[in-house]
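These are the residues of each chain, in order.
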Amino acid sequence: MGKVRLASALATSVLAPFSAHAGDEPEREARPLSVHATRIGGSNADAALAVRVDEEGCTYVAGWARSLDFPGSEERSPENGRDALLFKLAPDGQELLWSLTLGGRGDDEAVSLALTDGGDVLVAGTTHSRDFPTTRNAHDRTHDGGIDAFVARVSQDGNLLWSTLLGGQAEE
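**A short note on the confidence of the model for the protein chain**
Close inspection of predicted coordinates is inappropriate in any region flagged by low pLDDT. Residues with a pLDDT of 70 or more make up 65% of the protein chain, whose mean pLDDT is 76. Mean pLDDT per element in the protein chain: strand S1 (residues 3-10) is the minimum at 42, and strand S7 (residues 108-115) is the maximum at 95. Low pLDDT, under 50, characterises residues 4-22; the stretch is placed with 54 contacts to residues that sit more than four places away or in other chains.

**Remarks on the packing of aromatic side chains**
One pass over the structure, following the stated rule, counts 2 aromatic pairs. Judged by centre distance (5.7 Å) and plane angle (40°), the ring pair of Phe70 and Phe87 falls under tilted. Here Phe70, found in the loop between strand S4 (59-65) and strand S5 (83-89), pairs with Phe87, found in strand S5; they are 17 residues apart in sequence, far enough to count as distant. For the pair formed by Phe70 and Phe87, the shared burial category is buried. The lysine or arginine in question, Arg82, covers the ring of Trp64, its NZ or CZ lying 4.9 Å from the ring centre.

The rules we used
- Residues numbered from 1 in each chain as written.
- Predicted model: local features only at pLDDT ≥ 70, side-chain atom pairs only at ≥ 80, totals over all residues.
- Heavy atoms only, no water.
- pLDDT = per-residue confidence, 0-100.
- Helix = DSSP H or I, 4+ residues; strand = E, 2+ residues; numbered from the N terminus.
- Contact = heavy atoms within 4.5 Å.
- Phe/Tyr/Trp six-rings, centres within 6.5 Å; stacked < 30°, edge-to-face > 60°.
- Buried < 20%, exposed > 50% of the residue type's maximum accessible area, 1.4 Å probe, protein only.
- Lys NZ or Arg CZ within 6 Å of the ring centre and 35° of its normal.

So, in structure tokens, the structure goes:
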């Protein structure tokens, strides 16, 4: 029941950048397209909300996990609702290279991700958790009420580099 089905066309782009002169047909260089489907998850509900592929073909997925036994993540607490989730798959989609959950006692979800030129992952989402994990160097460590946004940077090997909250007293 709790498996996320991830079926994606995996390539940074299908067509290489092209150049054209006025009146000319653009030259296009086809790039190979790798396609695979993978099921990953635990014994409860889990969801994939954003997907990116790096230059080596590894797939990064952001979303949320309710499963206490999501593969590769630290032991989650039953008091937590949904935790924000980020994981990395090998280019063939068959090997989970790492996974990371972020969250507190409320519902949290990662809704967007981007890859940096240096190989780190930026992930953004929302949190209902007053105890959402932030790092010492965070821009804002205080959940100000309702729903706050969060942004985190994760190294290419899955270590949390920093995490901060963003928001005021209203819902962001």
